[in-house]
Structures are given as structure tokens and as C-alpha cells.
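# Structure at a glance
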Amino acid sequence: MSPHPLKAVTLTHVRYQKGDQLGHFLAWVSLVPVFISLGGFISHFIFRRELQGMFFAIGLLISQFINEIIKKSFQQARPETCALLEVCDSHGWPSSHSQYMFFFAVYFTLLTYRKLGLICRNQLWVVLLLVWPMAVLTLYSRVYLGYHTVAQVFAGATLGAVLGGGWFWIVNNVLKGLFPVIEESAFGRFFYVKDTSHIPNVLKFEYENARAARKHVSYKRAD
């Protein structure tokens, strides 16, 4: 038996009251940042290799790193329910889940509005009906389940929104000039990294080029 107390990784350690259907639902909502990170960005790198998506993910990592620094600096306790949830050994201000989701929502909205991703401006309804409601539900879930106070989730949301907007500006006004350099680098060539943010409609572009490629023998697979 180890003499040192055990500590849980709280990222996926979500509890709810037995029999509480709303709590059960919100517990899954609370895991959305995990699904986005593991499913969304990893899948994006495997299948898309887009520099916009990569820098989006880097921004989220930087945001979470800043969150940890702030938490350790201020060391604000979680609400009293932390004892039941067994998370009193971690700090609550600002909420990392709220910060993550609002960074994601702001950055994704700006990507869509500026036509820099697969979703175009005329498809903003995807953002309004899916991304933002999920971000707000994540805030609510953290309070409802007892992991944070209202002040802690609003602090996280505010910081996430500011960092999301700021990082978007940095990427697309400062770092974007480096995209061609990254594309032509050894890393870019080896991993087929690309930037399609200059193409107005990426889906249409890829669709038309995929159809056109059928007519060229050099593009056909050798089965």
C-alpha cells in the first residue's frame, strides 16, 4: 500500500447524482471538450492537415496552460460540493471547461464568418444552433453538477472568449505569413500540411478537383 494519497485526473472524472436524468445528460455535456480534443482535432490532423486547424488546436493548448497558471496562482477553492465529488484538491477559478468551450466557440465562429474553414459564412446556423448552445450548456453543467460556482464559470468563459478572439487575430494577422514557409518546410512536405484558407469554398474546390482527377491516369490508384 502506497503511503502517499491518491489523486484522480479530473478531466474525465465527472459525477452526477444517481437517478438524476438531467445530471446524467449534463455529465456527458461536460465531456464535450474531451470529445473535441480527442475526436475533433486528432481526426482533423489525420484527414485534413490544415494549418488553420493546427493553430486552432495550439491556441486551445495555450489557453489551457494559461488556465493552469491562473488556478495555481489564485488557488480559489471549488464550492462545498467538491468533497462529495472528490475534487477539493484542485482549484476552481477560472473554470477550464468553460474557458475551453468559449475559446472554441469564438474561434470557430470567426473562422466560419471569415470563410477560413470548411463551413462557409452562409452556414453560420451550424455555429448558432450547435456550437454556442453547447458552450452555454457546458457552463451550466459545471455549476449544476457542483464542480464550480457561477463566478468561476463566467470567469472561465470570459477569459476563453478573449483568448479565442486574440489568438484568432494573431494567427490570421501575424502568423499567417508563415503558412507558405511551413507548407514548403520538411515538416510540411512530409506530413502533407496545407493551407486552404485562401480558397473561398473549400468543399466545392475539393469536389471539383476530385471529379476532374478521375480523367487523369496519373491520379488513378494502382490496385
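Residues numbered from 1 in each chain as written. Predicted model: local features only at pLDDT ≥ 70, side-chain atom pairs only at ≥ 80, totals over all residues. Heavy atoms only, no water.

## Focus on the overall build of the chain
Each helix and strand in the chain was counted, giving 10 helices and zero strands. Ordered by position from N to C terminus, the α and β elements of the chain give α-α-α-α-α-α-α-α-α-α. In the chain, which comprises 223 residues, the share counted as buried stands at 39%. Considering only intrachain contacts with a sequence separation of at least 6, the fraction spanning at least 24 residues in the chain is 71%. Counting only carbon and sulfur atoms, one obtains 67% of the accessible surface of the chain, whose full area is about 13800 Å². (Helix = DSSP H or I, 4+ residues; strand = E, 2+ residues; numbered from the N terminus. Buried < 20%, exposed > 50% of the residue type's maximum accessible area, 1.4 Å probe, protein only. Contact = heavy atoms within 4.5 Å. Areas by Shrake-Rupley, 256 points an atom, 1.4 Å probe, with all protein chains shown as cover.)

## A short note on the packing of aromatic side chains
Across all of its chains, the model carries 15 aromatic pairs by this definition. Measuring from centroid to centroid gives 5.0 Å for Phe-190 and Phe-191, while their planes differ by 85°, and the two rings are edge-to-face. Judged by relative accessible area, Phe-191 falls into the partly exposed class, the value being 28%. Put simply, the rings of Phe-41, Phe-56, Phe-103, Phe-104, Tyr-107, Phe-108 and Phe-168 touch in pairs and so form one group of aromatic residues. We note Arg-49 situated over the ring of Phe-45; from NZ or CZ to the ring centre the distance is 5.2 Å. For the cation-ring pair, Arg-142 lies above Tyr-147, with the distance from its terminal atom to the ring centre recorded as 4.4 Å. (Phe/Tyr/Trp six-rings, centres within 6.5 Å; stacked < 30°, edge-to-face > 60°. Lys NZ or Arg CZ within 6 Å of the ring centre and 35° of its normal.)

## Description of the side chain of His-148
Take His-148: it is sitting in the loop between α6 (124–144) and α7 (150–175). At 3.3 Å, the side chain of His-148 forms a polar contact with the side chain of Arg-78. (Polar contact = N/O pair within 3.5 Å; in protein donor to acceptor, adjacent residues only side chain to side chain.)

## Digging into the nonpolar core
Counting 31 residues, the largest nonpolar core has Phe-55, Phe-56, Phe-104 and Tyr-107 as its most contacted members. Of all the secondary structure elements, the ones that give two or more residues to this core are α2 (32–47), α3 (51–74), α5 (96–113), α6, α7 and α8 (179–184). Residues within four places of Tyr-107 in sequence aside, it is in contact with Gln-52, Phe-56, Gly-164, Trp-167, Phe-168, Val-171 and Asn-172. Listed in part, the nine residues of the second largest apolar core include Ala-27, Leu-31, Leu-145 and Tyr-147. (Core = buried A, V, L, I, M, F, W, Y, C linked by side-chain atoms within 4.5 Å.)

## Focus: the packing of α6 against α7
Axis separation between α6 and α7 bottoms out at 9 Å; the angle between their running directions is 150°. In terms of orientation, α6 lies roughly antiparallel with respect to α7. Considering only the axes of α6 and α7, their crossing is right-handed. Along the contact surface, α6 presents Leu-139, Arg-142 and Val-143, while α7 presents Val-150, Val-153 and Ala-157. (Axes fitted to C-alpha atoms, helices over the stretch in contact; angles between N-to-C directions. Parallel < 35°, antiparallel > 145°, perpendicular 65-115°, else oblique. Left-handed = near helix turned anticlockwise from the far one by under 90°.)

## Description of the pattern of salt bridges
It is possible for side chains of opposite charge to pair when their charged atoms get near one another. What the rule picks out here adds up to three salt bridges. Between Glu-50 and Arg-48 there is a salt bridge, with the nearest N and O atoms lying 3.3 Å from each other. Overall, the relative accessible area of 7% leaves Glu-50 in the buried class. Residue classification places Arg-48 among the buried residues on the basis of a relative accessible area of 16%. Across the salt bridge formed by Arg-48 and Glu-206, the nearest N and O atoms sit 2.7 Å from each other. Of this pair, Arg-48 sits in the loop between α2 and α3 while Glu-206 sits in helix α10 (residues 202–213); the two residues are 158 residues apart in sequence, bridging distant segments of the chain. (Salt bridge = Lys/Arg side-chain N within 4 Å of Asp/Glu carboxyl O.)

## Digging into the side chain of Ser-96
Within the secondary structure, Ser-96 is located in helix α5. Other than its neighbours up to four places away in sequence, Ser-96 contacts Gln-64, Asn-67 and Lys-71.

## Here we look at α2
One turn of the α-helix equals 3.6 residues, which is why residues spaced by three or four share an orientation. Look at α2: 21 Å from first C-alpha to last across 16 residues, which is about the 22 Å you get at 1.5 Å a residue. Within the span of α2, buried status applies to Val-32, Pro-33, Val-34, Ile-36 and Phe-41. The first or second residue beyond α2 is Arg-49, which carries a positive phi of 60°. (Expected span 1.5 Å × (residues − 1).)

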